[in-house]
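These are the residues of each chain, in order.
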Amino acid sequence: MYIKRILLAILVIGLLAGGVFAYMVYNVFFTPNTAFNNTEAFVYIPTHASFNDVKSSLEPLLTDLDAFESAAKRKGYVQNIRGGKYRILIGMTNNDIINTLRVNNIPVKVAFNNQERVHDLAGRISSQIEADSLSLLRVFTDNEFLKSNGFDEANQLSLYIPNSYEFFWNTSAEGFRERMLKEYQKFWNENRTEKAKTLGLKPNEVITLASIVHKESAKVDERPRVAGVYLNRLKAGMLLQADPTLIFGMKKKADDFSLVIKRVLYKDFELESPYNTYKYGGLPPGPITMPDISAIDGVLNAEKHNYYYFVANVENFGYHMFAEDLAQHNRNKAQYIRWINSKNINR
């Protein structure tokens, strides 16, 4: 009888201990452990993060950081940290959070346009993914990569087709560049490539011309007409005489792309630069900005006409007046000059 009581006592104690342990385990793994009021929060885990780094990132979001650490150790997450962007939902348990951090790396939208140099592009991209601007610039300007893929220092910006793309936040600089090469090759499909050949241009030359068209007109519906003017000039062996290329050359020579030049002066035509299309024939060495897709397609689908000249239309801002001959152009230009002088725009 005495032995039975001892066994019963041991059983009761064991059940109580087991209950306490189960309760503790339940609290560690299955009790909500979020400390924010929004429906969701995001955490960014660097590629080579330590568990301390993870804890630092999560600390503002959790009610009980110690409980999370205990659960993470029991589930083996401490040895299997993966970089990325993760969504934590309000009311998540430690078990939910750890499972999320293991497999639910969510993509981010990466968008870019209107960059004048790869330096600017590197800065723009580094604000959206983990890779820093220096590592991005290093791979962007890698001569071996450029040469093996048909690019050079002057036209390297042509590789990056402006759009919105999905990337994982922890994408490396090399990973970003390789994806952009694939997107470039996809963009230059058979249809676009054939249209470029019909114009007598290579894809990178189309992008160079498109960059001029992009700068000349912000009106998408006008870009094919502007492109037609420059194509007419090229076919006729005329100088392009494009103000945006000259302005780019002035910025490049000054090594200051923050310069704001609203008016080109006659003395600027003497600038010694391959981007001075008032002095040198043909296209400049590369794009003067990252043209929108609408500008690229504007060149590929250029309007066929007999215009060789155009000037800003002061009665319909954003658009231009086009002319077939120099006499008509000079009359249109006189109207523009009167307007710009009335505004006291001297540079």
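Preceding this paragraph is the structure being described.
Residues numbered from 1 in each chain as written. Predicted model: local features only at pLDDT ≥ 70, side-chain atom pairs only at ≥ 80, totals over all residues. Heavy atoms only, no water.

Draft legend 1. Structural view of the packing of helix H3 (residues 65–74) against helix H4 (residues 94–103). Between H3 and H4, whose axes approach to 10 Å, the crossing angle comes to 60°. The orientation of H3 with respect to H4, classified from their angle, is oblique. As H3 packs across H4, the resulting crossing turns out to be right-handed. Where H3 approaches H4, its residues Ala67, Phe68, Ala71 and Ala72 are matched on the opposing element by Asn94, Ile97, Ile98 and Leu101. Here the contact of H3 with H4 is composed, by residue class, of seven nonpolar, one polar and no charged. (Axes fitted to C-alpha atoms, helices over the stretch in contact; angles between N-to-C directions. Helix = DSSP H or I, 4+ residues; strand = E, 2+ residues; numbered from the N terminus. Parallel < 35°, antiparallel > 145°, perpendicular 65-115°, else oblique. Left-handed = near helix turned anticlockwise from the far one by under 90°. Contact = heavy atoms within 4.5 Å. Nonpolar A, V, L, I, M, F, W, Y, C, P; charged D, E, K, R; others polar.)

Draft legend 2. Broad picture of the pairing of strand E6 (residues 320–323). On E6, burial covers both faces: His320 and Phe322 on one face and Met321 and Ala323 on the other are all buried. Looking at chain direction, strand E5 (residues 309–312) and E6 are connected through four bridges and run antiparallel. By the bridge assignment for E6, alanine 312 is matched with histidine 320. (Buried < 20%, exposed > 50% of the residue type's maximum accessible area, 1.4 Å probe, protein only. Pairing = 2+ DSSP bridges.)

Draft legend 3. Seen up close, the layout of surface pockets. Reported here for the largest pocket is a volume of approximately 1400 Å³. Surrounding the largest pocket, 46 residues form its lining, Glu216, Asp243, Pro244, Val264 and Tyr336 being those nearest its centre. Listing elements by their share of the lining of the largest pocket, those giving two or more residues are helix H10 (203–216), helix H11 (223–236), helix H12 (243–254), E5 and helix H14 (326–342). At eight residues, the largest contribution of residues to the lining of the largest pocket is made by H14. Residues belonging to the lining of the largest pocket are distributed by class as follows: 28 nonpolar, eight polar and ten charged. Forming the boundary of the second largest pocket are 17 residues, of which Arg117, His119, Glu153, Gln156 and Lys252 lie nearest the centre. Looking at the lining of the second largest pocket, the elements that each hand over two or more residues are helix H5 (118–126), helix H7 (143–148) and H12. Class assignment for the residues of the lining of the second largest pocket results in eight nonpolar, four polar and five charged. (1 Å grid on protein atoms, 1.4 Å probe; cavity = no way out; pocket = protein on both sides within 12 Å on 5 of 7 lines; lining within 4 Å. Points joined across faces, edges and corners; volume = space filled by probe spheres on them.)

Draft legend 4. Spotlight on the packing of aromatic side chains. In total, this model carries 20 aromatic pairs according to the counting rule given. Pairing tyrosine 44 with tryptophan 169 gives two aromatic rings, centres 5.1 Å apart and planes at 65°, and the pair type is edge-to-face. Within this pair, whereas tyrosine 44 is found in strand E1 (residues 40–45), its partner tryptophan 169 is found in the loop between strand E4 (163–168) and helix H8 (173–187), the two being separated by 125 residues in sequence. Judged by its relative accessible area of 36%, tyrosine 44 is partly exposed. Of the residues examined, tryptophan 169 reaches a relative accessible area of 13% and is grouped as buried. By way of ring pairs, the aromatic residues Phe112, Phe140, Tyr160, Tyr165, Phe167 and Phe176 are connected into one cluster. We note arginine 177 situated over the ring of phenylalanine 145; from NZ or CZ to the ring centre the distance is 3.9 Å. We note arginine 192 situated over the ring of phenylalanine 187; from NZ or CZ to the ring centre the distance is 3.8 Å. (Phe/Tyr/Trp six-rings, centres within 6.5 Å; stacked < 30°, edge-to-face > 60°. Lys NZ or Arg CZ within 6 Å of the ring centre and 35° of its normal.)

Draft legend 5. Geometry of the environment of leucine 246. Tracing the backbone through its elements, the reader meets leucine 246 in helix H12. Filtering out sequence-adjacent residues up to four positions away, leucine 246 remains in contact with Val264, Asp268, Phe269, Leu271, Tyr275, Asn276 and Tyr278.

Draft legend 6. Expanded view of the packing of helix H6 (residues 133–140) against H8. Interhelical geometry of H6 versus H8 gives an angle of 45° and a closest axis separation of 9 Å. In this view, H6 runs oblique relative to H8, as classed from their interaxial angle. Along this stretch, H6 crosses H8, giving a crossing that reads as right-handed. Within the contact between the two elements, H6 uses Ser135, Leu136, Arg138, Val139 and Phe140 and H8 uses Ala173, Glu174, Phe176 and Arg177. Looking at the contact of H6 with H8, its residues break down into five nonpolar, one polar and three charged.

Draft legend 7. Molecular detail of unusual backbone geometry. At asparagine 114, a position not held by glycine, the phi torsion is positive, near 60°. Position of asparagine 114 relative to the elements: it lies in the loop between strand E3 (107–112) and H5. You can call asparagine 114 partly exposed: its relative accessible area is 41%.

Draft legend 8. Here's a closer look at empty space enclosed by the protein. In the structure shown here, the tally under the stated rule is one cavity of 30 Å³ or more. In this structure, the largest cavity spans a volume of roughly 50 Å³. For the largest cavity, the full set of lining residues is Leu157, Ser158, Tyr160, Ile161, Pro162, Ile207, Pro287, Thr289, Met290, Pro291 and Ile296. Of the residues assigned to the lining of the largest cavity, the class counts are nine nonpolar, two polar and no charged.

Draft legend 9. Fine view of the side chain of histidine 329. Take histidine 329: it is sitting in helix H14. Excluding residues that lie within four positions of it along the chain, histidine 329 makes contacts with Tyr309, Phe310, Val311 and Ala323.

Draft legend 10. Spatial organisation of the pattern of salt bridges. Tallying each qualifying case throughout the model produces 15 salt bridges. Close ionic contact of arginine 87 with glutamate 40 constitutes a salt bridge, the shortest N to O distance being 3.0 Å. Taken together, the residues arginine 87 in strand E2 (residues 84–89) and glutamate 40 in strand E1 connect sequence positions 47 residues apart. The partly exposed category is assigned to arginine 87, whose relative accessible area is 34%. A salt bridge links aspartate 120 to arginine 117; the shortest N-O distance between them is 3.3 Å. (Salt bridge = Lys/Arg side-chain N within 4 Å of Asp/Glu carboxyl O.)

Read these as geometric descriptors, not functional statements.
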